[in-house]
Amino acid sequence: MDKKRITLYIILLLVVGSIYYLEQSKVSPSEITSAPSNQAPLKDGQFPLAPELAGISGYFNTIDGLKLEDLRGKVVLIDFWTYTCINCIRTLPHLVAWDEKYRDDGLVIIGVHTPEFEFEKKQENVQMALEKYGIEYPVVQDNSYATWNNFQNRYWPHKYLIDSEGYIRYHHIGEGAYAETEENIQQLLMEINGLEDTSFTNVEDTTPSKQLTPELYAGYDFALPRGQDIGNPGGLRVGEINNYNLNLEISHNLIYLQGLWKSNEDNLEAKGDSSIFLGFTAQSVNIVADNFEDPVKIEIRLNGKYITKEQAGNDVKFLGEQSFIKVNEPRLYNVVNGEYGTFLLDLSVTEGFSFNAFTFG
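Basis of the calculations
In every chain, residue numbers begin from 1 and rise along the written sequence. The model is predicted, so local features are restricted to residues of pLDDT at least 70 and side-chain atom pairs to those at 80 or more, both for listing and for counting; the totals for chains, interfaces and linings are taken over all residues. The basis for the side-chain values is all heavy atoms of the structure; hydrogens and waters are excluded. Here a helix means four or more residues in a row that DSSP labels H or I, a strand means two or more in a row labelled E, and each is numbered from the N terminus. In this scheme, a residue with accessible area under 20% of its type's maximum is buried, one over 50% is exposed, and one in between is partly exposed, where area comes from a 1.4 Å probe on protein chains only. The contact criterion used throughout is that any non-hydrogen atoms of two residues lie within 4.5 Å. The Shrake-Rupley method, run with a 1.4 Å probe, gives the accessible areas here. Residue values count only the displayed protein chains as cover. Between rings of Phe, Tyr and Trp, where Trp is taken as its six-membered ring, a pair exists when centres lie within 6.5 Å; planes separated by under 30 degrees are stacked, by over 60 edge-to-face, and by other angles tilted. For a ring to carry a charge above it, either NZ of a lysine or CZ of an arginine must fall within 6 Å of the ring centroid while also lying within 35 degrees of the normal to the ring plane. Strand pairing requires that DSSP identify at least two bridges connecting the strands. By convention a crossover is right-handed if, when the strands point away from the viewer, the path from the first strand over the helix to the second runs clockwise. Here the axes come from fitting lines to C-alpha atoms, over the contacting stretch only for helices, and the angles between their N-to-C directions go from 0 to 180 degrees. For every residue, the predictor assigns a confidence score, pLDDT, that lies between 0 and 100. The directions considered for the arc are those from the helix axis to the C-beta atoms. We call a set of buried Ala, Val, Leu, Ile, Met, Phe, Trp, Tyr and Cys residues a nonpolar core when their side-chain atoms join them within 4.5 Å. Here a polar contact is recorded for every N or O atom pair within 3.5 Å, except that within protein the pair must consist of a potential hydrogen donor and a potential acceptor, and residues adjacent in sequence are included only if both atoms are side-chain atoms.

Colleague: I'd like a description of the overall build of the chain, backed by residues and values.
Modeller: Within the chain, the secondary structure is distributed over 6 helices and 21 strands. Residues classed as buried in the chain amount to 53% of the 361 residues present. Considering only contacts in the chain between residues 6 or more positions apart, those separated by 24 or more positions represent 73%. Carbon and sulfur atoms form 48% of the exposed surface of the chain, whose accessible area is close to 17,100 Å².

Colleague: Now, about the packing of aromatic side chains: what can you tell me, with residues and values included?
Modeller: Applying the stated criterion to the full structure yields 17 aromatic pairs. Pairing Phe280 with Phe343 gives two aromatic rings, centres 5.7 Å apart and planes at 35°, and the pair type is tilted. In this pair, Phe280 sits in strand β15 (residues 274–291) while Phe343 sits in strand β20 (residues 331–349), placing the two residues 63 residues apart along the sequence. Through a chain of ring-to-ring contacts, the aromatic side chains of Phe80, Tyr145, Trp148, Phe151, Trp156 and Tyr160 assemble into a single cluster. Taking the ring centre of Phe47 as reference, the NZ or CZ of Arg169 above it sits at 5.3 Å. Its end group placed over the ring of Phe318, Lys309 keeps NZ or CZ at 5.6 Å from the ring centre.

Colleague: Can you explain the pairing of strand β5 (residues 75–81)? Please cite residues and give values.
Modeller: Judged by how many residues are buried, β5 sits mostly within the fold: 7 of 7 residues are covered. Taking every second residue as pointing to the same face, both faces of β5 are buried, with Val75, Leu77, Asp79 and Trp81 on one and Val76, Ile78 and Phe80 on the other. Taken together, the 7 bridges between β5 and strand β6 (residues 107–113) define a ladder with parallel strand orientation. Note that in β6 the partner of Ile78 across the bridge is Ile110. With helix α2 (residues 86–102) bridging β5 and its parallel neighbour β6, the resulting β-α-β unit is right-handed.

Colleague: Explain unusual backbone geometry to me, and be specific about the residues and the numbers.
Modeller: In this structure, the amide linkage connecting Trp156 to the following residue, Pro157, adopts the cis form with an omega of -15°. Considering the arrangement of structural elements, one finds Pro157 in the loop between β8 (155–156) and β9 (158–162). A positive phi is found at Asn61, a non-glycine position, where the angle reads about 60°. Assignment of secondary structure puts Asn61 in the loop between β4 (58–60) and β5. We classify Asn61 as partly exposed; its relative accessible area is 40%.

Colleague: Give a detailed account of the environment of Ile110, specifying residues and quantitative values.
Modeller: Within the fold, Ile110 resides in strand β6. Among residues more than four places away in sequence, those in contact with Ile110 are Leu66, Leu68, Leu71, Val76, Leu77, Ile78, Asp79, Pro138 and Val140.

Colleague: Before we move on, could you go through the sheet that holds β5 and cite the residues and values that matter?
Modeller: The 6 strands are arranged β4-β7-β6-β5-β9-β10 in an open sheet whose pairing can be described as mixed. Sheet topology places β4 and β10 (168–173) at the edges, where each strand pairs with a single neighbour. Mean inter-strand twist for the sheet, computed between neighbouring axes without regard to direction, equals 15°. As defined by bridge partners, β4 adjoins strand β7 (residues 139–141) across 3 bridges and the pair is classed as antiparallel. Note on β7: the bridge partner recorded for Phe60 is Val139. Contacting β5, β6 and β9, α2 crosses the sheet at an angle of about 160° to β5. Relative to β4, helix α3 (residues 123–132) is tilted by about 20°, and along the sheet it contacts β4, β5, β6 and β7.

Colleague: Kindly report on the confidence of the model for the chain, identifying the contributing residues and their values.
Modeller: Per-residue pLDDT for the chain has a mean of 91; in total, 90% of the residues score no lower than 70. Segment residues 1–22: pLDDT under 50, and 6 contacts once partners within four positions in sequence are set aside and those in other chains are kept.

Colleague: Could you give me a rundown of α3, with the residues and numbers involved?
Modeller: Within the sequence span of α3, burial applies to Asn125, Val126, Ala129 and Leu130. The arc that holds every buried residue of α3, seen down its axis, measures 145°, which confines them to one face. Exposed residues lying more than 90 degrees from the buried face of α3 are Glu124 and Glu131. For α3, the secondary structure elements touched by its buried residues are β4, β5, β6 and β7. Directly after α3, the chain includes Gly134, whose backbone phi takes a positive value near 65°.

Colleague: How would you sum up the nonpolar core? Please name residues and give values.
Modeller: Counting 96 residues, the largest nonpolar core has Ile78, Phe353, Phe355 and Phe358 as the members making the most contacts within it. Here Phe355 is in contact with Ala218, Ile255, Leu257, Trp261, Asp266, Asn267, Leu268, Ile276, Ile287, Val288 and Ala289, once residues within four sequence places are set aside.

Colleague: If you had to explain the side chain of Glu116 to someone new, which residues and values would you point to?
Modeller: Tracing the sequence through the fold places Glu116 in the loop between β6 and α3. The exposure class of Glu116 is buried, given its relative accessible area of 8%. Of the polar contacts made by the side chain of Glu116, one reaches the side chain of Tyr217; its length is 2.7 Å.

Colleague: Explain the environment of Leu49 to me, and be specific about the residues and the numbers.
Modeller: By secondary structure assignment, the location of Leu49 is in the loop between β3 (47–48) and β4. Measuring from C-alpha to C-alpha, the distance between Leu49 and Asp163 comes to 9.5 Å, with 114 residues separating the pair along the chain.

This is the structure we're talking about:
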C-alpha cells in the first residue's frame, strides 16, 4: 500500500472515530460567553478548583442557594444534562444507582439542568422529568447558562468529579466509561472516609455501538447552524408558514414534510393535517415533541404500514391495527424500539403538534 493510501486510511479512521465519539454526547452550538477571568488555583499542579454554581433559577431535592463551597468534606459529582437529551437519559440510571449506593459514604450528586429548548426552562417540566426518571439527588436549573459558562462546558452530558477540598479530579464527556467513573468516585470517597463496599453497581450500559442516523433538529436556529435542513425543495422557510408537497424520492437521514408547517426557532409546528417522513438507520427512534393545547394523536407507520408491536417504541399505543402516540406534554417520546436496520418512518400529525428533534439509539 503506497504512502498516499495509508494517509487517506488514517484520515478516514480519525473521521469515523470522531463521529462515533460525538454521537455519545450532544454538543452545544452556542459559544461560551463568559469564563473565569483568572487562572484557577491548581492542586498538585494539575487539578483546578471547581467554579461555583451561579445564576441558578430553581432548586429541586435541596435547599435554595446551594453552593459547592458548602459541600467541602464531601465528594461532589456535577452532571450537566437536559431532560430531552437521549444521551443524558441513557446515563441517568447510573447516576441514580450511584446516588443510592454512595450517598451515605459522602457522595453528593448535583444535576445542573442547562436547557436546550425553550420549554425545558419551565420548573414544572423539569419536576416532571425528575419524577419520571426517579431522580432524588439535588438538581439546579441553569437557565441562563451561568454555571455552564463558569465550567467552560460545551457538552450534554458532562460529568465533573470534585474532591473534598473542591478540586476537579476527573471528568467525562458523553455516555459510557461508567466503571471508570465509579472507580474514581470510590477513590475520592476512600480519601475522606474509607469505603467498605468497593463492588460496582450493576447497571446496563446502553451506549449505542452501531452506526446511527445523527441527531436531526427541526427548529431553524438549531438545524441551520449545524448544516442541517429538511429535504424538501427550498428547505426551511425561516419564520414562515409553508405548504410542502412530497413528490420526490426520499434520501436517508433527512426530514421531509408534507402539508402546512410553520418554521420556528426551535421547532416545526403543524398548522393542519400534515406528515413527517424520515429514512433512518437505527434500532431506536425518539422524537422531542409538544402539543400547544389539547393532546395530539400522531399515527406511526414504518415502511408504509402501521408499526408492529415488535418494532414499536415504549410510548406507542395500539387500537386494533392502528399504532399511535398521544403527545400530551413536552418531552422525548420513544417511537421505534426494535430490530436494528434501515427503515422509512411516516408520522401523520394534526394541528397543534410541534417537534424539536429526532434522536436515535
